Amino acid sequence: MAGIQEVYELVEKGKAKKVAAAVQEALDAGCDPTSILNEGMISAMDSVGTKFKNGELFVPEMLVAAKTMKNGVAVLKPYLAAGAAGAAGKVIIGTVAGDLHDIGKNLVAMMLESSGFEVIDLGVDVSKEKFVEAFEANPDTKLICCSALLTTTMPALKQTVELLNSSPFRSKIKVMVGGAPISAAFAEEIGADAYTADAASCAQKAKELAA
Amino acid sequence: MLTAKQNMIECMKGGHPDRFVNQYEAIQLLFHPFMFVSPLLQPGMENVKNAWGVTSTFPKGVPGAFPVHTPDKIVVQDIEKWRDYVHAPSLDFSQEMWDQCKAMYDAADGEKAFKAAFVAPGLFEQTHHLCEMVNALTYYIEYEDEMHDLIKYLTEWELKLAEGICSHLHPDMLFHHDDWGGHDSTFMSVNMFNEFLLEPYKEIYGYYKSHGVDYVVHHSDSYAATLVPSMIEMGIDVYQGCMETNRVPELIKKYGGQISFMGSIENAEVDFEDWNDEKCEAVVRRVCEESGNKYFIPCIAQGGPGSVYPGVYMSLTKAIDKLNKEKFGIEDPDSARMPIQIMF
C-alpha cells in the first residue's frame, strides 16, 4: 500500500520529522498497524542495516533512520496489539565492566530495537552480576549481548560469559558478544553462542537465535 | 648511519632510508601552555571537567580518557543554541608559560628528532565531546548549518592556538589527533567528511605549514583508507594509527610519495594481558615484511608512544631494532636517536 511504502522510504532516508504524519496517514487510510510496523519500518531498517554492512551508509544515516523509526513507532504503538513492538523477544545489552565505550553498543541496541526486539540497555561499565540481575528481573529474555572494546576489558567479557554460562538460566538464553578486539574464535573460546562484526549482522543473527 | 630524524625524512620522501623508522623514535612530542591549563587526564582520574566544560574519566588499564556523557554532563544541551553552551577557553598565556614550554623544545635534540607540537582533540572529536557521540553524528545530518558554524568556531580557536604555537615554540612537526573511524569503517561517508572537515583542516594544517612546520602527522587509530585522498589534500604527510584493516601495503602502492603510513601494529594484536616478546616480534616482522621501509613506519596504532600494558611498547621497539640489525646491519640505534619517550 502507498501509505506503507511512504513510511518505508521515510525511515530508510531518516526523515524523522515527517514520519509521524506519514504513519498517521497510513493508519487513517486503513493500513494494518502490524503491516506498517513490519513492512514499513522493520523492513526499511533491514535495508539500512544491509547498506551499512556493505559500506553504502554510515553511522549518521543509521542513527537518523533508527530515530525515524522510533518516532514512527510512538505514533503506531497505541494501535498495535500489546507487545507487538517488541515481538521478536527481549534482549539485555551492555558494555562490560571497566569499559566505557558505547557507540557500537548503542548502534547494536538500535538495530535490535528496529528489528522488533525489546531492548534492555544496561549501559556501559556493567558488572557481570548486573547482567545476571537483569535477567532475573526479566526472565523472558531471549538474548544477552555483551561488548568489550579494549584488550584490557576482554577478561571482563570472558568473566561475564563464564558467569552466564554457569547460571541456572543458561539454557533459556543465547549469549552474543562483540567489539573491536573480539573475534569469532575468542567468542567460541569463552563459550559465547555467537559473535558478529557489526550492528546489522548482530540484528540478523539475533533474529536467527531468537526464532 | 642516519639520525632517526634523517631516516624518517628519507622514509617519507621515498629516498634512501637506511633502516625501518622505529615507531615514534624520530618524533619528540612536546606540549603547549593550553595543555597545562586544561591538562590531559592521568589514569585513575574521574569526572574531571576540562576548559571547554567537557567532563572526562580515565579508568585505569585503558588507553585513554573518555568523555562522560550522562545527560547532565553533555555540554551542548540544545544544538540550535550551541553558542549559549560552548565557550572557547582563553589562549592568552603569560610569557613565562610559553618560556616553560620553549625550554622543553630547546631541550629536544633537533638533529635526532622532530620537535612536534602535540594537539588534541581535533575538530570532529571536539564536536562529539561537546555534544555526545550519537547526538553529534545525528546533528551532522539534521542540523548541518549549526554543525558548520560550530566547526567554524572550533577552527578559529585552533588557528589561534596554532598562531601561539608557531610564534612562540617553532615546532618543525605537528602531531594532531582526530579519530575519524572505528576498526572497520569511517564514522561518516567521504562526502560528509569532505563537506564538514576538509576545508577547516586545509586551513589549520595550511597555517602550520606556512609558519615553519615542515611535516603534519595526523593520528586516527582507525580504518580511514577512503579518506586518504582528503588527507593528502589537507596537507597531511603521515597518517599515524592506520590499522591493518586499511590494507596498508595497497595504500603505499597507491599513495606513496604523497603521504606515508605509520601504524599497522594494532593494540589488539600485541597489547593484551598475556603479551610477550615473541608475539610482538612476530607482528613486527609481518608488518615490516608486508610494507617495507619507504612511506611506512611500523608503529603501535595508539596516538602516542606507549602501550596499555607496560613493556609492550619497548618490546616492539626492540623487535624493530633487532630487525634493523639483521636486515640493515644497524648495531647501535640509540646513538642516532633521543632516549625513547613513553607518554602512556
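Some thoughts on the packing of aromatic side chains
Okay, so step 1: A complete count under the given rule lists 20 aromatic pairs over all chains for this structure.
Okay, so step 2: Between the aromatic rings of Trp 180 of chain B and Tyr 201 of chain B, the centroid separation amounts to 5.6 Å while the plane-to-plane angle is 75 degrees, which identifies the pairing as edge-to-face. Placement of the pair is Trp 180 of chain B in the loop between β6 (173–177) and α8 (190–209) and Tyr 201 of chain B in helix α8, with a sequence separation of 21 residues.
Okay, so step 3: Every member of this aromatic cluster is reached through a ring pair, and the members are Tyr 24, Phe 31, Phe 36, Phe 118, Phe 175 and Tyr 313 of chain B.
Okay, so step 4: Seen from the ring of Tyr 143 of chain B, Lys 17 of chain A lies directly overhead, with NZ or CZ sitting 5.3 Å from the centre.

Focus on the sheet that holds strand β4 (residues 66–67) of chain B
Through backbone hydrogen bonds, the strands of a sheet pair up, either in parallel or in antiparallel fashion.
All names here are of chain B.
Okay, so step 1: Across the sheet, three strands lie side by side as β2-β3-β4; this open sheet has antiparallel pairing. Two strands in the sheet have a free side with no partner beyond their single neighbour: β2 (48–49) and β4.
Okay, so step 2: Of the strand pairs in this sheet, strand β3 (residues 55–57) and β4 are connected by two bridges, and their pairing is antiparallel. By the bridge assignment for β4, Ser 56 is matched with Pro 67.

Digging into the interface of chain A and chain B
Okay, so step 1: Counting from both sides, the interface comprises 21 residues of chain A and, opposite them, 26 residues of chain B.
Okay, so step 2: Of the roughly 2,000 Å² buried between chain A and chain B, counting both surfaces, carbon and sulfur atoms make up 73%.
Okay, so step 3: At the junction of chain A with chain B, the criterion picks out one salt bridge.
Okay, so step 4: A salt bridge links Lys 67 of chain A to Glu 142 of chain B, with the shortest nitrogen-to-oxygen separation between them at 2.6 Å.

Reading the values: the criteria
- Residues numbered from 1 in each chain as written.
- Chains lettered and ligands numbered in written order.
- Predicted model: local features only at pLDDT ≥ 70, side-chain atom pairs only at ≥ 80, totals over all residues.
- Heavy atoms only, no water.
- Phe/Tyr/Trp six-rings, centres within 6.5 Å; stacked < 30°, edge-to-face > 60°.
- Helix = DSSP H or I, 4+ residues; strand = E, 2+ residues; numbered from the N terminus.
- Lys NZ or Arg CZ within 6 Å of the ring centre and 35° of its normal.
- Pairing = 2+ DSSP bridges.
- Contact = heavy atoms within 4.5 Å.
- Buried area = accessible area lost by both parts, 1.4 Å probe.
- Salt bridge = Lys/Arg side-chain N within 4 Å of Asp/Glu carboxyl O.

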